[in-house]
Every structure is written in C-alpha cells, then in structure tokens.
Amino acid sequence: MLCENVFPDASTIALLLRAAASVSGNKLGDAFHCQIVKLGFEFNLFLQTGLLNFYAKVGNLESAKRVFVEMPERDSVVHNVMISALGKQGYASDARKLFDEMPERSSFSWNSMISCYCRLGDIENARSVFDCNPLKDVITWNTMIDGYCKLGQLTLAKKLFDHMGCAKNTVTWNTMITGYVQCREFRTAISTFHEMQAQHVRPDEVTMISLLSASAHLGALDMGNWIHAYIRRRNFKIDVVLGNALIDMFSKCGCIDAALDVFYGLPKKNVFCWNSIIVGLATYGYGREVINTFIDMQTAGVKPDGVTFVGLLSGCSHSGLISEGRQYFSQMFTVYGVEPGLEHYGCMVDLLGKAGFLEEALDLVKAMPMAPNTIVLGSLLHACQVRKDAKLTEQVAEHLLDMDPRDGGNYVFLSNFYASVNRWHDVEKCRKLMVEKGVQKTPGCSSIEVDNVVHEFVAGDSSHPQFSQIKLFLDDIGKKLISLGHQVDMTPVLHDVDEEEKESAVRYHSERLAVAFGLMCTPPGKPIRVVKNLRACSDCHAAIKLISKLFERDIIVRDRSRFHHFRDGSCSCQDYW
DNA sequence: TTAGGGTTAG
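The rules we used
Residues numbered from 1 in each chain as written. Chains lettered and ligands numbered in written order. Predicted model: local features only at pLDDT ≥ 70, side-chain atom pairs only at ≥ 80, totals over all residues. Heavy atoms only, no water. Pairing = 2+ DSSP bridges. Helix = DSSP H or I, 4+ residues; strand = E, 2+ residues; numbered from the N terminus. Contact = heavy atoms within 4.5 Å. Axes fitted to C-alpha atoms, helices over the stretch in contact; angles between N-to-C directions. Phe/Tyr/Trp six-rings, centres within 6.5 Å; stacked < 30°, edge-to-face > 60°. Buried < 20%, exposed > 50% of the residue type's maximum accessible area, 1.4 Å probe, protein only. Near = heavy atom within 4 Å. Polar contact = N/O pair within 3.5 Å; in protein donor to acceptor, adjacent residues only side chain to side chain. Nonpolar A, V, L, I, M, F, W, Y, C, P; charged D, E, K, R; others polar. Core = buried A, V, L, I, M, F, W, Y, C linked by side-chain atoms within 4.5 Å. Domains from an automatic or database assignment. Parallel < 35°, antiparallel > 145°, perpendicular 65-115°, else oblique. Left-handed = near helix turned anticlockwise from the far one by under 90°.

Colleague: Sorry, what's going on with the sheet that holds strand 4 (residues 555–558) here?
Modeller: By definition, the strands of a sheet pair up through backbone hydrogen bonds, in either a parallel or an antiparallel sense. Pairing within the open sheet is mixed, and its 6 strands lie in the order 2-1-3-4-5-6. On the outer flanks of this sheet lie strand 2 (453–458) and strand 6 (570–571), each paired with one strand and no other. Against the sheet, helix 29 (residues 510–521) makes contact with strand 1 (445–450), strand 2, strand 3 (528–532) and strand 4, and its axis sits at roughly 15° relative to strand 1, the strand it touches most.

Encoded structure:
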C-alpha cells in the first residue's frame, strides 16, 4: 500500500494493529507507532487504544504503560485493558490501584481484577472482590471456580458451581472437569462430564482434552475410543494440544500403535507431542524406537527439554541400553543445553542399578548437586535388592525412613528387607513404628474397564459386589498354576505370618483380582488391560505370565513405571524390570 | 478489554 503511494488512514492503522497483535511481536507495533507519527495522525483515543491493546496483547507492559500515561483522556475500556495487562504479569497492587480509581466499573473490570488475584493464587482477595461485585456474570463465576480449582480447593469450587447465580456454559463445565483432572480425581471428572451431557450442554475441544487426560490416567480405553470417535463426528480440528492428549491417551491405555498413528498424522508437532510419543515408547520398553524418535525430533528442528530426557533415559533404562543412557545423560547439558534435574538422576540410578552397576549408581547419588529424594533412593534400594547387598539395603532403607517418616512405602521397603533375611523382630519394630506415627502403606490398587465402567480393586478390600465369585475363580486359577509348576514367591509379603497366610496375601493382590475379573467378564480372546498404582509384584508377574498361556489371552498391565504385555507365558519386559 | 486445555523418573 505504502509503495504505491496510497497512504493508510487512522482506521486502517488501527485495523493493522489489531491483526499484528494476534500474529506478531513488538517490533511491528513500534513500526506502526512510527508510522502514526510519520503520517502526522492525531493521537486520538481510537488510535491510542489500538496501540495500548497491541502492547497489552504481546505482553510489552512498559510500552503499554507509556501509551496509557500519555493518553489525555481514558475511558473505562482503556482502564480494563491496563488492569488486565498488569494482572497477567502479576502486578496485582498496580492493577488494584487503577481498579479503585475507576469512576465506573463494568463487569470486564470486576472480572479482570478477580482473574488477576486468582492468577497469583491470592484467593482471599479474589473472593472479597467477587463478593463485592454487583455485576456477576457467567465469566465472574467461572473465574472464581477456576481460582479454587487451581489451588486444589475442590469443595469450595463445587460449592460455587452448585450455587451459581446464572446458567452454566461450556466453560463452566470444562473448568470443573479440568479441576477434577488436575486434582487427580479422574472418575469424578468423568461423572461430571456425564452430568454435563444430561444437562444438554454441548462439549467442545477443551472438554475432550480434559476427558482424554482422565481416560489416560485411568487406562480407560473404551472411554478414550469413544472420545476419539466423538472428535471425528464433530469434525473437531486436531491441533497440537488435542493431538497430544490423544497420543498420551492411546499410549497410556496400551495402544502404542494407535498413538503412533495420531502422532504421524499430525500436520504440526510441538515439543509436547514429541515428548508424549517418546515417553509412550519408553514405557513399552521400545528403547531403540525411543532413540530413533529422539533423532527424528532433532531433524524436525524441535528442541528437546527436560521431559524429553526423562523419556529418553527411562526408555534406555527399561530396555537395558546402558551405554546409550550414559552417553545421553552426559550430553544432555553439554550438547543439548538441558540441565539434569532430580528426575534425570532418578532415571540414571534406575538404569545403572537395574543393570547391576551398583557402585556407579551409588557414586552418582553421592555426586548429585541436589539432595536425593525418596524416588532416587527407592531406585537405589531396588538395585541393592537385585544385587542382594544386605548391608547397603539396610543403610539406604533407614536413610529413606529418616528422610520421609510419613511415607508408608519406605517402611514397606525396610520391612520387606528384614522379612527377606528373616529378621522378624525388626519387621515387628517397623510395623509398630508405622502404627505409632499413624503411617499407612499405600494400598495396591488396580483398575480395569469393563463395559465403560472402571472397576477398582484394592488389596485386602472385599467390597466389590462380585468379590466372592472372583475369589473362588482365583482359588481355582491358583490350583491350576501350581499344577503348571508355579512356585509361590512370598518375598513381597510384609507380615510375619505363617506360610499359608502369606500365600493367600499374594494370591489376592489387586492386580490378580483385576485380571480375574477381566477373565470372568470379557469374551474369550479379548485383551485384558489393567492399570496398577504400584510396581507389579514379582509373584503376580510370574503368575500372570502363566495365566496368559492358560487362558490364551493377551494381558496388558500398566504398573507404576511401565507396560507389561503378557502373551503365551512370557512378558514383553523379558523379566527385566 | 474479562473465564476453561496437553507431556515428567519408581
């Protein structure tokens, strides 16, 4: 336009500013600023508001402030833009000062102020502005509900949600569903979605993303498949966020091929998408594919981050790729500029320890620039047990107890160790200590989805309505297993009880209850998918291998760290876990 | 000019 000597007018400049705000950085705004001066336009409210909007949107607070201060007159909209810009960058007191000075406040002003406090986690101030607000609209309620959700205060969020002064929209439902997902209440998230459907509120892409995340955590493949079909039916655009949620859901539900299909079908992939597929491949023990995908990621010009290296290193660990793991760990900062964190040391201790390089793992822990946490020491402890190094096991386990006396898992580690060397007196001491401190062992919990319902089984809990049938079925399986040569391994049992009791404690472990339920309730030949919150126990691992042969079923168990795909008497982990 | 979104070691 300028080349042809046709000069833009003020409104053209304002339109261009608006377009620039959504696509570009600060330089363009400065260029327009210069043009406005050069072309001799008067700085009226219209142009100044356009400029202010531009700077606010691209986050250039200094320039926004400059334009704001220079404005001869400021209307309510200008104030709102400024309050919102200040709020987004955490300047609550500056925003509040402007808010208090306003002669007339619109609902935009109130909402921006509440949102500003919520963003900072200052829920008391957010609530007091909310309570004073005479112009509450649906955005006001949504903002406040989200503020509680982000702090994990779900009860307060739900209270507002249930007593809203106006009709709920899609965002309201999404806020509540996402809140449940972020607080790991996945089943409530899904039941809230069913309520949303019952109220005939139309879900959108954001609803799907939260639901996919919930399904991924629960390993609820039927739900995940339903969402995938729904996304297609509604013709939702699969962008990087929705695409990533689908990749993660399929990979966490045991369908890595479907995850790969989504991944390769995405026209654009960001670091989240690459990370999800790398982490996914790692949990299946596909170490070579992890490394190849990492190489492809660099070819695609996407810079790896800390999460990428968690996937890469844990992939090497699950596949026993020791030298590759060592190499990538040593290069992660020097070559890729990613500082190793606690989680990367954790992967390395696991990788080295599992492979039997106990001294190297121990040296790495000693050389860590930060204090090791319970996960790192837990990996070390596991390594000590693999190597049957009793002295070091005891040292590490006691150190763990000192570090976190409220984590029940640590007592179990120590107690299991004492039990394995028949030190029953110490086992008893450990148990007493747990009772004294009111510590409870995290119960083993396994879930399985049957006909769209996620069934949960907790070790030692017989509340499932079909428990007695499952128990009878398991007893029957147990006999068959023994006839196939299965020898019950009771090392994972904590208590100092007689052999028979120990055996029954193992026999009713949560993963076995879930597998038995799956065998009872699904048609022959259908793969059984189970998700467990802890590591699979060694006896269950051996038993499920035999069950897969006995019943001719693929059994896919996702435990705390990886997938075990049991088929025809063996497991995809090749007993390296 | 105001509200809701995804990946992380055992």
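Colleague: Explain the packing of aromatic side chains to me, please; I cannot follow it from the model alone.
Modeller: The way to describe two aromatic rings as a pair is by their centre distance and the angle between their planes. Taken as a whole, this structure holds 18 aromatic pairs when the rule is applied. Ring geometry for Phe 99 against Trp 110: centres 5.2 Å apart, planes inclined by 85°, an arrangement best described as edge-to-face. Linking Phe 99 in helix 6 (residues 92–101) with Trp 110 in helix 7 (residues 107–119), this pair joins segments that are 11 residues apart in sequence. Considered together, Phe 99 and Trp 110 belong to a single accessibility category, that of buried residues. Ring centres of Phe 329 and Tyr 345 lie 5.3 Å apart, and the angle between their planes is 80°; this geometry places the pair in the edge-to-face category. Separated by 16 residues along the polypeptide, Phe 329 in helix 20 (residues 322–334) and Tyr 345 in helix 21 (residues 342–354) bring together distant segments of the chain. The same class applies to Phe 329 as to Tyr 345, namely buried.

Colleague: Would you mind showing me how to read the protein's contact with DNA strand B here?
Modeller: Neighbouring residues of DNA strand B: 52 residues in total, closest Asn 80, Asn 111, Asn 174, Asp 204 and Ile 209. Near the protein, meaning within 4 Å, the atoms of DNA strand B are sugar or phosphate in a fraction of 41%, with bases accounting for the rest. One nitrogen or oxygen atom from the side chain of Arg 119 is found 3.3 Å from a phosphate oxygen belonging to DNA strand B. Interatomic distance of 2.7 Å between a side-chain N/O atom of Lys 252 and a phosphate oxygen of DNA strand B. Looking at the surface near DNA strand B residue by residue, the classes come out as 15 nonpolar, 25 polar and 12 charged.

Colleague: Honestly, the nonpolar core in this entry has me stumped. Any pointers?
Modeller: The biggest cluster of nonpolar side chains holds 143 residues, and the ones touching the most others in it are Met 208 and Leu 380. Per element, the largest residue contribution to this core is 7 residues, and it comes from helix 17 (residues 271–283). Grouped together as the second largest cluster of nonpolar side chains are 30 residues, Leu 474, Leu 513, Val 530 and Cys 573 included.

Colleague: How should the domain arrangement of chain A be read in this particular structure?
Modeller: Interfaces are often sized by the amount of accessible area the parts lose when they come together. Per the domain assignment, the segments making up chain A are domain 1 (360–442) and domain 2 (445–571). One C-alpha centre belongs to domain 1, the other to domain 2, and the line joining them spans 26 Å.

Colleague: Sorry if this is basic, but what is going on with the packing of helix 3 (residues 45–58) against helix 4 (residues 61–70) here?
Modeller: Two measures define how a pair of helices packs: the angle their axes make with one another and the distance between the axes. Viewed as axis vectors pointing N to C, helix 3 and helix 4 meet at an angle of 160°, and their least axial separation amounts to 8 Å. Classified by the angle between their axes, helix 3 and helix 4 sit roughly antiparallel to one another. Here helix 3 runs over helix 4; the crossing is left-handed. Counted together, Gln 48, Leu 51, Leu 52, Tyr 55 and Ala 56 of helix 3 and Ser 63, Ala 64, Val 67, Phe 68 and Glu 70 of helix 4 form the full contact between these two elements. Partitioning the contact of helix 3 with helix 4 into residue classes produces 7 nonpolar, 2 polar and 1 charged.

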